[in-house]
Amino acid sequence: MKFELTEEHKYIKDTAKDFAENEIAPSAVERDIKAEFPTEIVKKLGELGFMGMMVSPDWGGAGMDTVSYVIAMEEISKVDASVGVIMSVNNSLVCYGMEKWGTDTQKEKYLKPLAMGQKLGAFCLSEPEAGSDATQQRTEAVLKGDHYILNGMKNWITNGTSADYYLIQAMTDKSKGYKGITTFIVEKNFEGFEVGKKEDKLGIRGSDTCSIGLNNCIVPKENVLGEEGLGFKIAMETLNGGRIGIASQALGIAQASLEASVRYSKERKAFNSPISNLQAIQFKLADMAMNTEASRLLIFNAALKKDAKLPFAKEAAEAKLFASKTAVNNALEAIQVHGGYGYVREYLVERFLRDAKITEIYEGTSEIQKIVIARDLLKD
Ligand code: CAA
């Protein structure tokens, strides 16, 4: 068993790092303050092949493995976790499902532009009354001739205001419970599709989050993804891969917090020497480094299993649970190492904390990850 990056992985790491430092970092603080979506950056990420990394080149993607995706996500999120989540949702929550369950016509029309970064995607599962308990979908879809009519409300939709195409879960047969949920590909300009108010968030402020209203939204029959009743399975399988993406986003924040702390502790003097000479600081750095590396290995473990087409739901949940906790802890410790300076915008680490917290909530809370892990352990 080798834990070595291939030449291709190293190339992706260098490319992502270079792009993050030169194109994303300079405007990251301003975007956070103004809660501004990085339209130009997302376009350039598309040109680099980062918006459809694992999609086959036949459908406009870069044809890379999940390990490459993890590496790129870490480097991008290290500099700006908002850009990280925009990229993650498009790659793992939208492109993945379209490639796996889409028809050739759907792939030509929707997947290709999404994978090339010409269009942006969003994934709509959560509702005001269906978050962790995702089976409780209230959005309904009724077949009328060659169209479905969708009615309902979706909540917390990442890329919500900026996306072009949306994967929407809706109930087509209530009597079947979660087996009556269907996934639809919905275009923003479909009649009855309404973008709600953009949320004013604690962190990842450069990404947009909003609700989506469906008011007699007319969706052609051919826009069903997979088949009727497959929606919950599609959502769950999609989220398994999504959790690798969010774990990698958290890893980027954890690594950034560690690096900022190492740098600052060598510069800042107290008691006549750099604070890095103090054991109190060294112990913090050691714990941060250990947990960051452990997160990275858990994420690679899940990614390698996914690439080998082995079951990886438990491994992805473990990776997300651990990496998100590490991101929050590292960001908190980074603030402590920086003292008062850590509490103000100038030193970045306060943003790391604000950005880190959401990784313990979206794409399955930490409590949901524990349920996924425990159920796997206890299954017959
Ligand atoms: N992978 C594959 N299949 C899964 C699965 C997984 N991780 N978890 C459940 N399933 C399948 C089960 O096998 C079962 O299918 P069968 O009947 O065919 O066997 C079916 O789903 C129902 O499973 P359960 O009986 O276990 O359902 P449950 O209601 O008890 O629990 C849950 C399901 C695990 C709690 C699930 O609801 C869940 O994961 N909730 C969290 C939802 C979530 O992550 N939301 C994030 C929103 S998306 C987001 O944040 C997007 C964004 O914009 C960033």
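Residues numbered from 1 in each chain as written. Predicted model: local features only at pLDDT ≥ 70, side-chain atom pairs only at ≥ 80, totals over all residues. Heavy atoms only, no water.

1. Remarks on the pattern of salt bridges
In total, this model carries 29 salt bridges according to the counting rule given. Across the pair Lys34 and Glu30 runs a salt bridge, and its minimum N-O distance is 2.6 Å. A residue pair is termed a helical-turn pair when its members lie 3 or 4 positions apart in one helix, as Lys34 and Glu30 do in helix α1 (residues 7-34) at 4 residues. When its relative accessible area of 41% is taken as the criterion, Glu30 is described as partly exposed. Salt-bridge contacts for Glu259 lead to Lys78; the nearest nitrogen and oxygen are separated by 3.1 Å. Residue Glu259 is found in helix α6 (residues 231-267), and its partner Lys78 is found in helix α3 (residues 66-79); the two are separated by 181 residues along the sequence. It is possible to trace a salt-bridge network through shared partners that takes in Asp32, Arg345, Glu350 and Arg354. (Salt bridge = Lys/Arg side-chain N within 4 Å of Asp/Glu carboxyl O. Helix = DSSP H or I, 4+ residues; strand = E, 2+ residues; numbered from the N terminus. Buried < 20%, exposed > 50% of the residue type's maximum accessible area, 1.4 Å probe, protein only.)

2. Notes on the domain arrangement of the protein chain
Along its sequence, the protein chain is carved into domain 1 (7-119), domain 2 (122-229) and domain 3 (233-378). Domain 1 and domain 2 are separated by 22 Å when their C-alpha centres are compared. Across the contact, 25 residues belong to domain 1 and 22 residues belong to domain 2. Counting the surface lost from both domain 1 and domain 2, the interface buries some 2000 Å², and carbon and sulfur atoms represent 62% of this. For the domain 1 face of the interface with domain 2, the top three residues by lost area are Phe37, Gln106 and Tyr110, together amounting to 27%. At the junction of domain 1 with domain 2, the criterion picks out 1 salt bridge. Salt-bridge contacts for Lys109 lead to Glu187; the nearest nitrogen and oxygen are separated by 3.6 Å. At the junction of domain 1 with domain 2, the criterion picks out 10 residue pairs in polar contact (both at pLDDT 80 or more). Secondary structure elements with two or more residues in the side of domain 1 that touches domain 2: α1, α4 (81-101) and α5 (104-115). Ranked by residue count, the leading element in the side of domain 1 that touches domain 2 is α4, at 11 residues. (Domains from an automatic or database assignment. Contact = heavy atoms within 4.5 Å. Buried area = accessible area lost by both parts, 1.4 Å probe. Polar contact = N/O pair within 3.5 Å; in protein donor to acceptor, adjacent residues only side chain to side chain.)

3. Points about the packing of α6 against helix α7 (residues 279-307)
As a packed pair, α6 and α7 sit with axes 9 Å apart at the nearest point and diverge in direction by 155°. Judged by the angle between their axes, α6 and α7 are roughly antiparallel. Between α6 and α7 the crossing geometry is left-handed. From α6, Gly241, Ile244, Ala247, Ser248, Leu251, Ala254, Gln255, Ser257, Leu258, Ser261, Val262 and Ser265 reach across to α7, where they touch Ile281, Leu285, Met288, Ala289, Thr292, Ser295, Arg296, Ile299, Ala302, Ala303 and Lys306. Of the residues belonging to the contact of α6 with α7, the class tally is 13 nonpolar, 8 polar and 2 charged. (Axes fitted to C-alpha atoms, helices over the stretch in contact; angles between N-to-C directions. Parallel < 35°, antiparallel > 145°, perpendicular 65-115°, else oblique. Left-handed = near helix turned anticlockwise from the far one by under 90°. Nonpolar A, V, L, I, M, F, W, Y, C, P; charged D, E, K, R; others polar.)

4. A closer look at the site of the ligand
Neighbouring the ligand are 20 residues; Ser132, Thr158, Tyr178, Arg243 and Arg375 lie closest to it. Within the side chain of Tyr178, a nitrogen or oxygen atom sits 2.3 Å from an oxygen atom of the ligand. Starting from 1100 Å² of accessible surface for the ligand in isolation, the protein chains cover 72%. Elements represented by at least two residues in the shell around the ligand include exactly β3 (147-158), α6 and α10 (366-378). With 5 residues, α6 is the largest single contributor of residues to the shell around the ligand. For the shell around the ligand, a count of residues per class yields 9 nonpolar, 7 polar and 4 charged. Two domains each donate at least three residues to the shell around the ligand, and these are domain 2 (122-229) and domain 3 (233-378). (Near = heavy atom within 4 Å. Areas by Shrake-Rupley, 256 points an atom, 1.4 Å probe, with all protein chains shown as cover.)

5. Some thoughts on α3
The end-to-end C-alpha distance of α3, which contains 14 residues, comes to 20 Å, matching closely the 20 Å that a straight helix rising 1.5 Å per residue would cover. Counting buried residues along α3, 14 of its 14 residues qualify, which places the element largely inside the surrounding structure. (Expected span 1.5 Å × (residues − 1).)

6. Topic: the packing of α3 against α4
Two numbers describe how α3 lies on α4: the axes approach to 6 Å, and their chain directions differ by 150°. One way to sum up the angle between α3 and α4 is to call them roughly antiparallel. Facing Tyr69, Ala72, Met73, Ile76, Ser77 and Val79 of α3, the residues of α4 in contact are Ala81, Val83, Gly84, Met87, Ser88, Asn91 and Ser92. Classifying every residue of the contact of α3 with α4 gives 8 nonpolar, 5 polar and no charged.

7. Some points on unusual backbone geometry
Even without glycine at this site, Asn159 takes up a positive phi of about 70°. Note that Asn159 resides in the loop between β3 and β4 (165-171). With a relative accessible area of 0%, Asn159 lands in the buried category. With a phi angle near 60°, Lys309 is a residue other than glycine that sits in the positive phi range. Secondary-structure assignment places Lys309 in the loop between α7 and α8 (313-338).

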